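Overview (structure and organization)
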Amino acid sequence: MSSVRRKRILILSRLFPYAPARGGDMSYSRGLAISFAHVADVTAVVATNGVQPDGPVDKDGVRWIVAGAPRKGRMGSVATRLPNIAWRGQTTAYTRALALALQEEWDVIVIDHIGSYHVLPQVMAYRARRPATRVSYISHEHEASVRVEKYAAYGGNPLLRLALKLDGIKVGKAELDLVRSVDLLSLINPDDATLYKAQLPGVQYVTLTPGYQGNSVVQRQIDASVPRRVVVLGGRESRQKQVILERWLEHAAPVFHRAGVEMAVVGPINDALGDTLSSRYPTVRFMGFVDDIDAFLATCRASVVADFLGGGFKVRLLTYVFNRLPMFAMKGAVSGLGVSAPSAFTEFNDLAALAQGVCERIDDFDYLNRLQNHAYEGAQGCFDWADRGVRFLKALDAGR
């Protein structure tokens with residue numbers, strides 16, 4: 001009786017996706033790798049998260065090869081063909097680790113995130129030698145449609161703005177290069193398919209939305225016993241997320257204060273920015289990382305998704321939905337959940353309207369409970385990591 005050989009998958013990603021590395025993109029990369037490891041033998045080449053030493057480590061069924069630290073800085077990539085986010089990953093240590101890994105035989109090579117674009121020449125050379133190897137690109141968002149908007153919002157001096165504009169062009173070219181080169185495009189958000197197909201109508205893709213393994217509240221009733229508290233989740237490591245928080249607080253903090261509504265900002269934030277914002281907005285609670293986030297969310301009446309920049313799938317939405325936090329959002333910020341406004345969440349065209357809308361509804365318990373119930377019921381059963389690896393391999397096989 002013969003047994004079927006498990007496929008060998010090599011994932012090329014940015015960082016070892018465990019704390020202190022946090023954020024939705026790290027959670028997604030980790031979840032996919034672990035899901036793939038349920039159905040294949042998986043090795044991943046990554047840079048250190050600042051804690052994990054260089055070398056191989058087995059964790060959650062994946063063989064992680066940690067190879068040095070990424071570069072830092074915004075301007076070092078200007079004179080190169082690489083966008084900054086990919087230039088940071090193209091280190092001597094990473095390139096050597098990848099070359100060593102490519103001495104082995106792989107059934108599938110996965111390029112995870114636009115930040116891993118720098119590996120494409122080595123991967124294509126490998127596939128030229130071994131045409132049977134399948135190559136996939138994991139998209140975390142449609143970069144070409146959001147990067148220019150992000151960079152425009154960052155501001156800065158004229159030289160920096162010019163550098164960011166050029167970097168946005170390079171990002172778009174890198175994304176198109178990746179999608180044209182691979183056998184399968186993997187999407188985090190089903191809504192991104194239209195954007196990619198407008199560029200490349202024949203692109204083969206599979207949608208792998210994030211799974212959710214956190215707390216799931218079977219039933220919740222929001223009433224007057226719950227504090228008049230609203231939560232804003234998310235780490236603030238990237239400039240994009242910092243800009244979103246700064247603009248939101250500028251509009252919302254005074255409105256919330258006048259309405260007697262407490263705002264809690266939860267998630268890692270660097271000391272300098274945290275000190276500045278705490279001083280500027282003394283009525284806002286900046287809580288940093290919260291150990292028992294589920295218990296805290298049970299003390300909140302609603303959540304805010306203030307993202308007016310960026311695309312993709314916001315992993316924190318699942319935390320809101322399954323902890324039954326009604327969502328008040330910027331238009332377009334809630335995407336990929338499979339539920340829609342106005343029944344499962346409410347959305348607004350600008351930050352001022354969003355702030356005012358939260359305060360107007362904060363004591364409307366019937367409304368809040370309708371939102372959280374519809375969102376939970378619509379998402380239930382749709383976000384399980386268990387089938388992502390199976391679906392990925394099936395999509396690769398179907399594209400042959």
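Residues numbered from 1 in each chain as written. Predicted model: local features only at pLDDT ≥ 70, side-chain atom pairs only at ≥ 80, totals over all residues. Heavy atoms only, no water.

Things to note about the environment of Ile169
For the record, the criterion: Starting at the N terminus, helices and strands are each numbered in turn, a helix being any DSSP run of H or I of at least four residues and a strand any DSSP run of E of at least two.
You can see Ile169 is positioned in helix α6 (residues 158–181). Linking Ile169 and Gly50, residues 119 residues apart in sequence, is a C-alpha distance of 30 Å.

Some details on empty space enclosed by the protein
The condition that has to hold: The distinction between a cavity and a pocket rests on a 1 Å grid over the protein atoms alone: a 1.4 Å probe fits inside a cavity but cannot get out, while a pocket stays open yet meets protein on both sides within 12 Å along at least five of seven lines, and a residue with an atom within 4 Å of a point counts as lining. Grid points are joined across faces, edges and corners, and a volume is the space filled by probe spheres set on the points. Three residue categories are used. Nonpolar comprises Ala, Val, Leu, Ile, Met, Phe, Trp, Tyr, Cys and Pro, charged comprises Asp, Glu, Lys and Arg, and polar comprises the others, including Gly.
If you walk through the whole model with that rule in mind, you get 4 cavities of 30 Å³ or more. Looking at the largest cavity, its volume works out to about 90 Å³. Every residue lining the largest cavity is counted, 13 residues in all, and those nearest its centre are Leu233, Arg236, Ile244, Asp307 and Arg316. Taken together, the elements giving at least two residues each to the lining of the largest cavity come down to β9 (229–233) and α8 (239–259). Here the residues of the lining of the largest cavity are counted per class, giving 7 nonpolar, 2 polar and 4 charged. Lining the second largest cavity are 14 residues; nearest its centre among them are Ile11, Ser13, Ser29, Ala33 and Asp112. Looking at the lining of the second largest cavity element by element, the count peaks at 5 residues for helix α1 (residues 24–37). Partitioned by chemical class, the residues of the lining of the second largest cavity number 10 nonpolar, 2 polar and 2 charged.

Details of the environment of Leu325
Worth spelling out the cut-off: The buried label applies to any residue whose accessible area, calculated with a 1.4 Å probe on protein chains only, is under 20% of its type's maximum; exposed applies above 50%, and partly exposed to all values in between. Note on contacts: a residue pair qualifies if any of its non-hydrogen atoms lie within 4.5 Å across the two residues.
Structurally, Leu325 can be placed in the loop between α11 (316–322) and β13 (327–330). According to the relative accessible area criterion, Leu325 is buried, its value standing at 2%. In this structure, the C-alpha to C-alpha distance between Leu325 and Ala398, residues 73 residues apart in sequence, is 39 Å. Dropping the residues within four chain positions of it, Leu325 is found in contact with Arg220, Val231, Leu297, Cys300, Arg301, Ala302, Ser303, Tyr320 and Gln372.

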